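# Structural characterization, general
Read off the chains here:
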Amino acid sequence: MSAYLNSAGSAAVSGAGAGAASASASSSALASAVGAGDADAACQPLPVLGRDVTVPLVTGGEVTYAALDYAASAPALQRVWDDVAAYAPYYGSVHRGAGYLSQLSTDLFEQSRAAVAEFLDCRDGDQVVFTRSTTDSLNLLAQALPAGCQVFVFETEHHASLLPWRDAHVTYLNAPRTPAQAVATLERALADRDPYGPALVCVTGASNVTGELWPVRELAAAAHAHGARIVLDAAQLAPHHAVSIADLDVDWVAFSGHKLYAPFGSGVLAGRADWLQEAEPYLAGGGASRQVARREDGGVDVAWHTTAARHEAGSPNVIGVYAIASACRALTEAGFDRLVEREQSLVRRVREGLAAVPAVKVLSLFGDDAPRVGVISFVVEGWNSSHFAAALSAEYGIGVRDGLFCAHPLVRTLLGSEPQEAGECGSPEGGPGERSLNAIRVSFGAGTPDEHVDRFVGAVRELVECGARWQYRTEGGRCVAVVG
C-alpha cells in the first residue's frame, strides 16, 4: 500500500480505525476462540450471522433456528460481516478514480486478489479472476476453451460443472462406485479420445449430494498423463478443507463466496493464465479493454488486457471480493485442522443418529467408510421428501434442503431410478406420504452448534416414530404447513 494510503483510510482495510471498533473486537474474539494453545478451541463453532435468530413453530412458540443447509449457502462469518462494515464508509469505484477512496478501494481489491491466491496456494503465473459464483467461473472457463477441446465430466457433477460446456465435444462419464473406479474410468476415456488434441477434465472436490471426497490428486495425475487439463469445482471442498492448487496439481479451481461464509454475489476462478489470456473477454466493456480507438473505416480497434482484468469487465463487486478475502483469512487463522476435526465429530453424530433409525437410508457412492465433509443426503421410507423437510422446518425450526440438489443425474442414480424418469426439485407431483424422486439433505460446517445437529437427529427419529403433528399440502410445487 502506498504511503499516501497508509493512513486513516487504510486502517479501515485492516479492520481498525474509524468505524472499525466492532471489527477489531470480532477479530480479537475469534482469535481468542481458536487461538493456539486453547485446548477447547476445536469444540467451539465459529461465530456466524443468524446464530441467535428465532423462528415460529406451527405448534406454537418459537425456537432458535437450526440452519442446516450450508451446502446451498453457508451463513456469513461474523468476522467477515464486521470487516465489510468497517470498509463500507470507504467504498469507492476501483481502477478508475483519482480520488482517495477510489485508490483505497483499488488497493483493497488487489490485496484481496493476493489473499485468495495465498489461500489457494497458487503457483507463480497463476491468475485469480473474480466472478459472480462457481457457475459463473466455470462458464467463463467454458468460453475460454481452445478450438476442438474435448471435455470429460462425470454424471455425478453439480449442474454448475455439468452443463457449461455446450460449445465443446463433451463425454459424460458414468457414476463410479469407488475412487479407484473414478480414476480408471477417466483414464480409459482419455486414452480412447480421438482426435488427440486439447482436453479438459472437470471434477468436484466434494459431492454436494453425498459429501464424499473425490480423489482429486489422482484424477489430476491421470489427466496430465494423457495430455489433458483439469478444473476442480471446489464449491463444497473449500469451506471444509484447505485447497492447494500446487499440491493437488490441478490447472484451475472454482468456488463461490456464499459457500465460504461470505455474502452472495462473488466467486473465483484461479489457475493457469494461458487459455484465459488467449480467449476473447468473457464480457466486453470497460475494465477489460486496455485501449480503444476508432479506425478510418469507422470501426473500432480494441486492445484487451492480458491480466485477470481481461475477464472482469464492468465495475466489480468490491465488497463481495473483500468479503471472500476476509473469509479466506478467517478460515486460515482458525486452522483447517481444527475445523476439520470438529466437523468430523458432527458428521459422526449425524451418521450414527440416522443409522439408528431403520426407515432412513443414507445415500452414498463410495460406501460408509468414504471420507466426507458435512453434507449428508437421505430418504425416509414411507415419506415424501418434501413433506419430511417441511415438517422439520414447521415443527422443529430446522432448515434442510429437499429435491435433486442441482445434481439430477446423480440423485436419480443413487435412488435407483432410470435417468429418464420424471421428477423435479420440490416434487410438485408428490403429496404427503407419496413416493418422490427426491431426497433430503442436511449440511453443516464451521458455524454449526452441537445442539443443532442433536436437535436434527432427535427430530428425524420423532417424525419417523410418531409422524407429523400438523397437516400439510402441496402448494406452488412445495409441501407446506396448512395454516388458517
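Residues numbered from 1 in each chain as written. Predicted model: local features only at pLDDT ≥ 70, side-chain atom pairs only at ≥ 80, totals over all residues. Heavy atoms only, no water.

Broken down by element type, the chain carries 15 helices and 19 strands. A buried classification covers 55% of the 484 residues belonging to the chain. Taking all contacts inside the chain whose residues are at least 6 apart in sequence as the whole, residues at least 24 apart take part in 71%. As presented, the chain carries roughly 19,900 Å² of accessible surface, and 52% of it is formed by carbon and sulfur atoms. (Helix = DSSP H or I, 4+ residues; strand = E, 2+ residues; numbered from the N terminus. Buried < 20%, exposed > 50% of the residue type's maximum accessible area, 1.4 Å probe, protein only. Contact = heavy atoms within 4.5 Å. Areas by Shrake-Rupley, 256 points an atom, 1.4 Å probe, with all protein chains shown as cover.)

Turning our attention to the confidence of the model for the chain. Per-residue confidence for the chain gives a mean pLDDT of 88, with 87% of residues at or over 70. Within the model, pLDDT remains below 50 along residues 15-42, and this stretch shows 40 contacts once partners closer than five positions in the same chain are excluded. (pLDDT = per-residue confidence, 0-100.)

The next point concerns the pattern of salt bridges. Tallied over the entire structure, the rule returns 23 salt bridges. Of the charged contacts, one joins R455 and E451 as a salt bridge, the two residues approaching to 3.0 Å between their closest N and O atoms. Of this pair, R455 and E451 both sit in helix α15 (residues 450-466), four residues apart, which is roughly one turn of that helix. Look at R455 and you get buried, because its relative accessible area is 15%. Taken together, the shared-partner salt bridges in this structure form one network comprising R229, D251, R272 and D274. (Salt bridge = Lys/Arg side-chain N within 4 Å of Asp/Glu carboxyl O.)

Strand order in the open sheet formed by seven strands is β4-β10-β9-β8-β7-β5-β6, and the pairing between neighbours is mixed. Strands at the two margins of the open sheet, each flanked by one partner only, are β4 (127-131) and β6 (169-173). Geometrically, the sheet is characterised by an average inter-axis angle of 20° between neighbouring strands, direction not taken into account. The pairing of strand β5 (residues 150-154) with strand β7 (residues 199-204) spans four bridges and is parallel. (Pairing = 2+ DSSP bridges. Axes fitted to C-alpha atoms, helices over the stretch in contact; angles between N-to-C directions.)

All right, on to the side chain of S266 then. Mapping S266 onto the fold places it in the loop between β9 (252-256) and β10 (267-271). There is a polar contact of 3.2 Å between the side chain of S266 and the backbone oxygen of G320. Here S266 is in contact with T131, R132, S133, S256, G257, H258, N317, G320, V321 and I324, once residues within four sequence places are set aside. (Polar contact = N/O pair within 3.5 Å; in protein donor to acceptor, adjacent residues only side chain to side chain.)

As a further point, take the pairing of strand β19 (residues 478-481). The side-chain alternation of β19 yields one buried face, formed by C479 and A481, and one unburied face, formed by R478 and V480. In this sheet, β19 lies alongside strand β18 (residues 472-475) in antiparallel orientation, the contact comprising four bridges. Along β19, the bridge assignment pairs Y472 with A481. Taking the residues that link successive antiparallel strands as the turn, the β18-β19 hairpin has two residues, and the phi of G476 there is positive, at about 60°.

The end-to-end C-alpha distance of α15, which contains 17 residues, comes to 24 Å, matching closely the 24 Å that a straight helix rising 1.5 Å per residue would cover. Those residues of α15 not exposed but buried are H452, V453, R455, F456, V457, A459, V460 and L463. Of the residues trailing α15, G467 is marked for its positive phi of about 80°. (Expected span 1.5 Å × (residues − 1).)

On the surface, V292, V300 and V302 cluster together into a nonpolar patch covering about 220 Å² of accessible area. With respect to the helices, strands and loops of the structure, V300 is situated in strand β12 (residues 300-304). (Patch = residues over 30% accessible without salt bridge, like charges linked within 9 Å, V, L, I, M, F, W, Y side chains within 5 Å.)

A few words on the environment of V375. As for its position among the elements, V375 is in strand β14 (residues 375-380). Separated by 70 residues in the primary sequence, V375 and G445 have C-alpha atoms spaced 8.8 Å apart. If near-sequence neighbours (up to four positions away) are discounted, V375 is found in contact with A71, S207, N208, V209, T210, G211, Q236, R441, V442 and S443.

Positionally, H305 belongs in the loop between β12 and α11 (318-334). With relative accessibility at 24%, the residue H305 sits in the partly exposed group. It is 8.1 Å that separates the C-alpha atoms of H305 and Q277, two residues lying 28 residues apart in sequence. Other than its neighbours up to four places away in sequence, H305 contacts G287, A288, S289, R290 and R310.

Right, let's get into unusual backbone geometry. A cis amide bond links D194 to the next residue, P195, at an omega of 5°. Secondary-structure assignment places P195 in the loop between α7 (179-191) and β7. A positive phi angle, near 55°, is found at D121, a position not held by glycine. The residue F405 is not glycine, and still its phi comes out positive at about 55°. With respect to the helices and strands, the residue F405 is situated in the loop between β16 (401-403) and α14 (408-414).

Strand order in the open sheet formed by four strands is β13-β14-β17-β16, with antiparallel pairing between adjacent strands. The open sheet has two free edges, formed respectively by β13 (360-362) and β16, since each of these has just one partner strand. Taking each pair of neighbouring strands and ignoring which way they run, the sheet shows an average axis angle of 30°. Of the strand pairs in this sheet, β13 and β14 are connected by three bridges, and their pairing is antiparallel.

Attention shifts here to α7. Relative to the 18 Å expected for 13 residues at 1.5 Å per residue, α7 spans 19 Å between its end C-alpha atoms, a close match to the ideal helical length. Of the residues making up α7, those classed as buried are A182, V183, T185, L186, A189 and L190. When α7 is viewed along its axis, its buried side chains cluster within an angular range of 160° and face the same direction. Relative to its buried face, α7 has exposed residues pointing more than 90 degrees away, namely A180 and R188. Buried residues belonging to α7 abut β5, β6, β7 and α8 (216-225). (Arc of directions from axis to C-beta.)

Moving on: the packing of helix α3 (residues 78-87) against α11. Where α3 contacts α11, the two axes come as close as 9 Å, and the packing angle between them is 140°. Taken together, the axes of α3 and α11 are oblique relative to one another. For the element pair α3 and α11, the recorded crossing hand is right-handed. Residues R79, V80, D83, V84 and Y87 of α3 touch α11, and the partners they reach there are V318, I319, Y322, A323, S326, A327, R329, A330 and E333. Of the residues belonging to the contact of α3 with α11, the class tally is nine nonpolar, one polar and four charged. (Parallel < 35°, antiparallel > 145°, perpendicular 65-115°, else oblique. Left-handed = near helix turned anticlockwise from the far one by under 90°. Nonpolar A, V, L, I, M, F, W, Y, C, P; charged D, E, K, R; others polar.)

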